[in-house]
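Read off the chains here:
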Amino acid sequence: MDLTYTQEEQDFRARLREWLGKTLPELPARPSPDDWPGRRAYDAGWQRRLYDAGYAGLHWPVDAGGRGATPTQHLIFLEETERAGAPYVGANFVGLLHAGPTIAAEGTAAQRSRWLPPVLRGDEVWCQGFSEPDAGSDLAALRTRAVRDGDDYVITGSKIWTSHAEVADWCELLVRTDPAAPKHRGISWLAMPMDAPGVTVRPLRTLAGSAEFAEVFLDEVRVPVANRVGDENDGWRVTMVTLSFERGTAFVGEVVACRRTLGELARTAKANGRWDDPVLRRRLGRLYGEFGALWRLTQWNVSESEASSGVPGVGGSVFKLAYSHARQELYDTAAEVLGADCLALEGEWVPDRLSSLSYTIAAGTSQIQRNIVAERILGLPKGR
């Protein structure tokens, strides 16, 4: 991993900074957190600006509609957009960071041509239909059935914690296509249109008061066989590709955001007198070191991804495990620095603190990540 910058990369950073400086002041006001149609329109508008400027799918392969940028250029893009306060992917999260990269890696030429350009332009939003009420951490225990009927699958079942389902056009959906096979081998990965007859969406309100998740009920929904990514019953392998993106590279922008938040906390502590507490200073210093290490691990994971046909390795589980707990500690520390001010409902600290609690569950619980690290990286025997 080369951490130095070439002249080309430095020029790329300068051009990006100039573009951000001109573009960000032109953005409309951010919509209310509860206005999901408004948030979708806002996020789609930002994505379209990126697309028109040549920054959408920056690190995606050229044959997938991307720019084929180097890992370092990708990281520079994340650094500069976050430092400038640019919008994050928002409602485009699943399409840009999960489904899109999976289709780019595993889809046919026709599938890449159909689904990737609308994702990059911000025209279509995806949601994730993986977890079920009785198959969350044990994803392979899913029971949503897909029965082959000619050129269609007929799907019956339900999903939960379906990200952005209320505004999505498509769903990356896991279904059981062979109930007689071992549970990891009878699964298929489908792209399901959310406006198909038989799809019912019921939003779920989180502890933070938002409704970015939903329950999705599927009553004999017909999905073309042509919408299957990968072979029938090979969905578990395809899913591991999706999860490698989710755990390995999807959070990289958030690491930069946390480092910025940590700097804000340090400045606040100096302003309100809390900086005199040596215990708090040590805690802030340790967090600074942890997020610095996480950024280096991010660079490693992105570099490894590019060296292995664009698919991150199991090291993403190391990152996800460490990041989840560091983020929670960051917002615990924010409560110490801010005191009663951290309870101000009109600010961002309360929803961010509550949201941090979910990170040890989302994208695979910390317990699952520890098992992956133990078995697939350290080579330890499976637990009984």
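These notes cover the structure that comes with them.

Criteria and thresholds
- Residues numbered from 1 in each chain as written.
- Predicted model: local features only at pLDDT ≥ 70, side-chain atom pairs only at ≥ 80, totals over all residues.
- Heavy atoms only, no water.
- Helix = DSSP H or I, 4+ residues; strand = E, 2+ residues; numbered from the N terminus.
- Buried < 20%, exposed > 50% of the residue type's maximum accessible area, 1.4 Å probe, protein only.
- Contact = heavy atoms within 4.5 Å.
- Areas by Shrake-Rupley, 256 points an atom, 1.4 Å probe, with all protein chains shown as cover.
- Expected span 1.5 Å × (residues − 1).
- Arc of directions from axis to C-beta.
- Phe/Tyr/Trp six-rings, centres within 6.5 Å; stacked < 30°, edge-to-face > 60°.
- Lys NZ or Arg CZ within 6 Å of the ring centre and 35° of its normal.
- Axes fitted to C-alpha atoms, helices over the stretch in contact; angles between N-to-C directions.
- Parallel < 35°, antiparallel > 145°, perpendicular 65-115°, else oblique.
- Nonpolar A, V, L, I, M, F, W, Y, C, P; charged D, E, K, R; others polar.
- Core = buried A, V, L, I, M, F, W, Y, C linked by side-chain atoms within 4.5 Å.
- Salt bridge = Lys/Arg side-chain N within 4 Å of Asp/Glu carboxyl O.

### Thoughts on the overall build of the protein
Thinking step 1. Along the protein, the regular secondary structure elements total 11 helices and 8 strands.
Thinking step 2. Buried residues in the protein amount to 49% of all 384 residues.
Thinking step 3. Taking contacts inside the protein between residues at least 6 apart in sequence as the whole, the part at least 24 apart equals 73%.
Thinking step 4. Accessible surface computed for the protein: about 17,800 Å², of which carbon and sulfur atoms make up 53%.

### Some points on helix H1 (residues 7-23)
Thinking step 1. An ideal rise of 1.5 Å per residue puts 24 Å on 17 residues; H1 measures up with 24 Å between its terminal C-alpha atoms.
Thinking step 2. Burial in H1 covers these residues: Glu9, Phe12, Arg13, Leu16, Trp19, Leu20 and Thr23. What you see down the axis of H1 is that its buried residues fit within an arc of 130 degrees, all on one side. The exposed residues of H1 that point more than 90 degrees off its buried face are Gln7 and Lys22.

### With respect to the environment of Leu97
Thinking step 1. Positionally, Leu97 belongs in helix H4 (residues 93-106).
Thinking step 2. Exposure remark for Leu97: the relative accessible area of 15% places this residue in the buried category.
Thinking step 3. Remark: the alpha-carbon pair of Leu97 and Thr242, spanning 145 residues in sequence, is separated by 8.8 Å.

### Some details on unusual backbone geometry
Most peptide bonds are trans, and most residues other than glycine sit at a negative phi.
Thinking step 1. Look at Glu220: it is not a glycine, yet its phi comes out positive at around 55 degrees.
Thinking step 2. Inspection of the secondary structure assignment puts Glu220 in strand E7 (residues 213-224).
Thinking step 3. The phi dihedral of Asn233 falls on the positive side, at around 70 degrees, and the residue is not glycine.
Thinking step 4. Within the element layout of this structure, Asn233 appears in the loop between strand E8 (228-229) and helix H6 (235-248).
Thinking step 5. Under the relative-accessibility criterion, Asn233 is labelled partly exposed at 24%.

### Here's the deal with the packing of aromatic side chains
Thinking step 1. All told, the structure shown has 8 aromatic pairs when counted by the stated rule.
Thinking step 2. Centroid distance Trp19 to Trp46: 5.7 Å. Interplanar angle 40 degrees. Geometry classified as tilted. Highlighted residues: Trp19 in helix H1 and Trp46 in helix H2 (residues 36-53), separated in sequence by 27 residues. Grouping residues by exposure puts Trp19 and Trp46 together as buried.
Thinking step 3. Both rings, one in Trp19 and one in Tyr55, keep their centres 5.2 Å apart while their planes meet at 55 degrees; by these two values the pair is tilted. Of this pair, Trp19 sits in helix H1 while Tyr55 sits in the loop between H2 and helix H3 (71-83); the two residues are 36 residues apart in sequence, bridging distant segments of the chain.
Thinking step 4. Joined through ring pairs, the aromatic side chains of Phe12, Trp19, Trp46, Tyr55 and Phe77 make up one cluster.
Thinking step 5. Lying across the ring of Trp36, Arg39 places its NZ or CZ 3.9 Å from the centre.
Thinking step 6. Positioned above the aromatic ring of Trp275, the side-chain terminus of Lys270 is 4.8 Å from the ring centre.

### Quick notes on the packing of H2 against helix H5 (residues 109-121)
Thinking step 1. Where H2 contacts H5, the two axes come as close as 7 Å, and the packing angle between them is 105 degrees. Taken together, H2 and H5 sit at an angle that is classed as roughly perpendicular. Residues Ala44, Gln47, Arg48 and Tyr51 of H2 form the contact with H5, whose participating residues are Val119, Leu120 and Arg121.
Thinking step 2. Considered class by class, the residues forming the contact of H2 with H5 number 4 nonpolar, 1 polar and 2 charged.

### Quick look at the nonpolar core
Thinking step 1. Trp46, Tyr55, Phe77, Trp126, Trp189, Phe291 and Leu330 are the most contacted members of the largest nonpolar core, which has 64 residues in total.
Thinking step 2. Looking at which element gives the most residues to this core, the answer is helix H9 (residues 315-338), with 7 residues.
Thinking step 3. What Trp46 contacts, discounting residues up to four positions off in sequence, is Trp19, Leu20, Thr23, Leu24, Leu27, Ala86, Pro87 and Tyr88.

### A look at the pattern of salt bridges
Thinking step 1. For the structure shown, the criterion picks out 25 salt bridges.
Thinking step 2. Here Glu264 and Arg260 are joined by a salt bridge, their closest N and O atoms 3.4 Å apart. A residue pair is termed a helical-turn pair when its members lie 3 or 4 positions apart in one helix, as Glu264 and Arg260 do in helix H7 (residues 252-272) at 4 residues.
Thinking step 3. Across the pair Arg286 and Glu329 runs a salt bridge whose closest N-O atoms are separated by 2.5 Å. Here Arg286, found in helix H8 (residues 278-307), pairs with Glu329, found in helix H9; they are 43 residues apart in sequence, far enough to count as distant.
Thinking step 4. Each of the salt bridges in this network shares a partner with another, and the network as a whole consists of Arg13, Arg17, Glu79, Glu80 and Arg83.

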